[in-house]
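Coordinate analysis (summary)
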Amino acid sequence: MKPVLAWFRNDLRLSDNPALGWAVQTGNPVIPVFIRDEEPGTRAIGNASRWWLHGSLQALAASLGALGSRLILRRGASAAVLEALVKETKAGAVCWNRRYDPVLSGQDRAIEDQLCATDLEVRTFNAALLVEPHEIRTANGSPYKVFAPFWRRCLAQELRRPLLPPLSLSLPATWPASEPLEAWRPGRSYPEWPGRLAALWKPGEVGALSRLEEFVRGAASTYATDRDKPGTSGTSRLSPHLHFGEVGPCQVADRLAWSGRDREEDPYLRQLGWREFSQYLLFHNPDLGTANLRRDFDRMPWRDSPADLRRWQQGQTGYPLVDAGMRELLATGWMHNRVRMVVASFLTKHLLIDWRSGAAWFWQTLVDADWANNSTAWQWVAGTGTDAAPYVRVFNPIAQSRRFDPEGRYVRTWVPELGRMPSRFIHAPWTASAPDLADAGVRLGETYPTPMVDHAEARQRALRVYRSLVRGSRATGRHG
């Protein structure tokens with residue numbers, strides 16, 4: 001009865017966890033393990049993600065404790081830590097759920113080879129995706145580059161039904177030593193975060209399933225019409241739970257199906273499809289987060305302006321919708337998806353700052369920071385990626401605000417200095433008369449900044465730069 005090491009990573013749940021389910025079915029003692037990988041070259045998670053991970057591990061440890069089990073915490077290079085644990089516990093098998101980032105999956109394959117060479121049984125499973133990237137190809141065998149046909153192929157697949165959580169785990173005679181979770185408590189990059197985030201979010205499987213149920217019973221019915229309105233509770237806010245694997249996409253899809261929704265028409269399931277497509281793109285493009293997929297953009301003359309980048313980061317651009325989004329991010333570790341597109345467009349088009357600078361800021365500040373999703377979304381908005389919004393599409397932050405936040409509810413929440421502005425002026429306060437500004441208590445350039453750039457002029461500048469880039473690419477024969 002040699003123990004099985006069940007290695008948790010981005011699958012921090014008991015239900016619908018194929019690796020854990022297999023470990024339990026062996027009938028052997030199960031030792032749940034989480035490793036804080038400190039191997040040189042490993043991509044460190046961002047500040048907000050560190051806060052979430054701590055809470056998620058705390059919740060997972062509590063769930064395992066309720067079954068009489070434990071979560072063993074170790075840090076170091078994963079291969080070395082697993083090798084040490086195998087020797088300490090005399091384990092006969094190791095299991096985990098697969099990852100699809102080429103860097104991480106390459107690491108996993110090397111670990112698998114190393115363990116198998118010692119005659120250990122190694123089992124790996126899919127817990128993170130509806131359809132694994134290697135299962136979807138075009139008719140000629142190449143990877144998809146456009147979302148719509150990719151998603152049609154995914155929907156044609158039979159989706160796996162989610163697994164129930166184990167009722168019990170066989171326990172080892174002795175437990176290996178574990179580091180205390182308290183020693184992993186993240187530092188305070190932003191003093192307000194620990195209290196603010198804890199008031200807004202509940203990391204862990206219980207919180208994830210509760211959030212899913214709340215969405216299915218509420219906002220799911222109006223998701224198609226309300227998802228783009230940042231001033232309403234029209235989205236699921238499941239993204240951090242999905243990223244850390246506290247709930248799986250098969251569970252979400254299954255719950256939507258049980259609510260009587262057609263999966264081919266369901267707009268929220270389509271958003272899960274974009275999550276799948278992001279992982280798919282990263283699987284086939286290992287440098288997705290660092291290099292333009294459209295290589296002609298390698299010649300793009302991005303502006304290097306730390307001062308402008310800082311104003312954007314702090315929500316001091318002078319455009320209320322952009323500032324509201326950036327302030328929501330700093331306050332909550334999250335931002336409404338429609339607003340994410342607007343602020344990303346503003347950085348890359350209005351300010352001509354490299355999308356990688358924006359992606360790096362999101363990586364540090366989003367609780368749902370996911371390398372595939374973050375990189376794909378930024379490249380989509382910047383026009384540098386596959387299946388991207390064309391570079392000539394420049395989101396107008398004023399028009400977007402008027403369309404999706406007509407009464408300024410969202411802006412008033414996150415830009416309180418504009419709280420008394422009449423709705424007709426709140427989207428562009430510099431268009432208000434002096435008496436209207438005075439009545440609202442707004443002094444442009446003092447209580448609220450004047451716009452960093454003029455929208456029309458910035459748009460024309462971006463288009464001139466892009467046209468010059470296209471002409472240069474044609475001349476050199478370089479195309480994306």
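Structure report, in brief. (Residues numbered from 1 in each chain as written. Predicted model: local features only at pLDDT ≥ 70, side-chain atom pairs only at ≥ 80, totals over all residues. Heavy atoms only, no water.)

Examining the pattern of salt bridges
Condition: For this document, the term salt bridge refers to a Lys or Arg side-chain nitrogen within 4 Å of an Asp or Glu carboxyl oxygen. Labels follow the DSSP assignment, with helices taken as runs of H or I lasting at least four residues and strands as runs of E lasting at least two, numbered in each case from the N terminus. Burial here depends on accessible area, computed with a 1.4 Å probe over protein chains only, as a share of the maximum for the residue type. Under 20% is buried, over 50% is exposed, and the range in between is partly exposed.
Scanning all chains against the criterion turns up 25 salt bridges. For the salt bridge of Lys-87 with Glu-83, the shortest nitrogen-to-oxygen distance reads 4.0 Å. Taken together, the residues span about one helical turn, with Lys-87 and Glu-83 both in helix H3 (residues 78-89) at a distance of four residues. Looking at Lys-87, the relative accessible area reads 60%, which means it is exposed. Within this structure, Arg-36, Glu-38, Arg-75 and Glu-179 form a network of salt bridges that share partners.

Regarding the packing of aromatic side chains
To keep things clear, this is the line we draw: Think of it this way: a Phe, Tyr or Trp ring, Trp meaning its six-membered ring, pairs with another when their centres are within 6.5 Å, and the plane angle makes it stacked under 30 degrees, edge-to-face over 60, tilted otherwise. Working rule: Lys NZ or Arg CZ, within 6 Å of ring centre, within 35 degrees of ring normal, means a charge sits over the ring.
Here the structure, examined in full by the defined rule, presents 25 aromatic pairs. Aromatic pair Trp-22 and Phe-125: ring centres 6.4 Å apart, planes at 40 degrees, arrangement tilted. Placement of the pair is Trp-22 in helix H1 (residues 18-25) and Phe-125 in strand S5 (residues 121-125), with a sequence separation of 103 residues. Just as Trp-22 is buried, Phe-125 falls in that class too. Seen in terms of ring centroids, Trp-51 and Trp-52 are 6.1 Å apart; in terms of plane orientation they differ by 75 degrees. Their pairing is edge-to-face. In this structure Trp-51 comes out as buried when scored by relative accessible area, which is 16%. A relative accessible area of 0% places Trp-52 in the buried class. Through pairs of rings, three or more aromatic residues link up here, namely Tyr-144, Phe-147, Phe-150, Trp-151, Trp-274, Phe-277 and Tyr-280. One Lys or Arg, Arg-9, reaches over the ring of Trp-7 and ends 4.3 Å from the middle of that ring. Over the face of the ring belonging to Trp-371 we find Arg-43, whose NZ or CZ atom lies 3.9 Å from the ring centre.

Some details on the packing of helix H15 (residues 355-365) against helix H16 (residues 371-382)
Threshold: Interaxial angle, 0 to 180 degrees, is taken between N-to-C directions of lines fitted to C-alpha atoms, where a helix line uses only the stretch in contact. We call a crossing left-handed when the near helix sits turned anticlockwise from the far one by less than a right angle, and right-handed when that turn is clockwise. Residues are treated as being in contact if the distance between any of their heavy atoms lies within 4.5 Å. Note on residue classes: Ala, Val, Leu, Ile, Met, Phe, Trp, Tyr, Cys and Pro are nonpolar, Asp, Glu, Lys and Arg are charged, and everything else, Gly too, is polar.
In contact at an axis separation of 10 Å, H15 and H16 are set at 145 degrees when each is read in the N-to-C sense. For the pair H15 and H16, the crossing hand works out as right-handed. Residues Trp-355, Gly-358, Ala-359, Phe-362 and Trp-363 of H15 form the contact with H16, whose participating residues are Trp-371, Asn-374, Trp-378, Gln-379 and Ala-382. When grouped by side-chain class, the residues that make up the contact of H15 with H16 number seven nonpolar, three polar and no charged.

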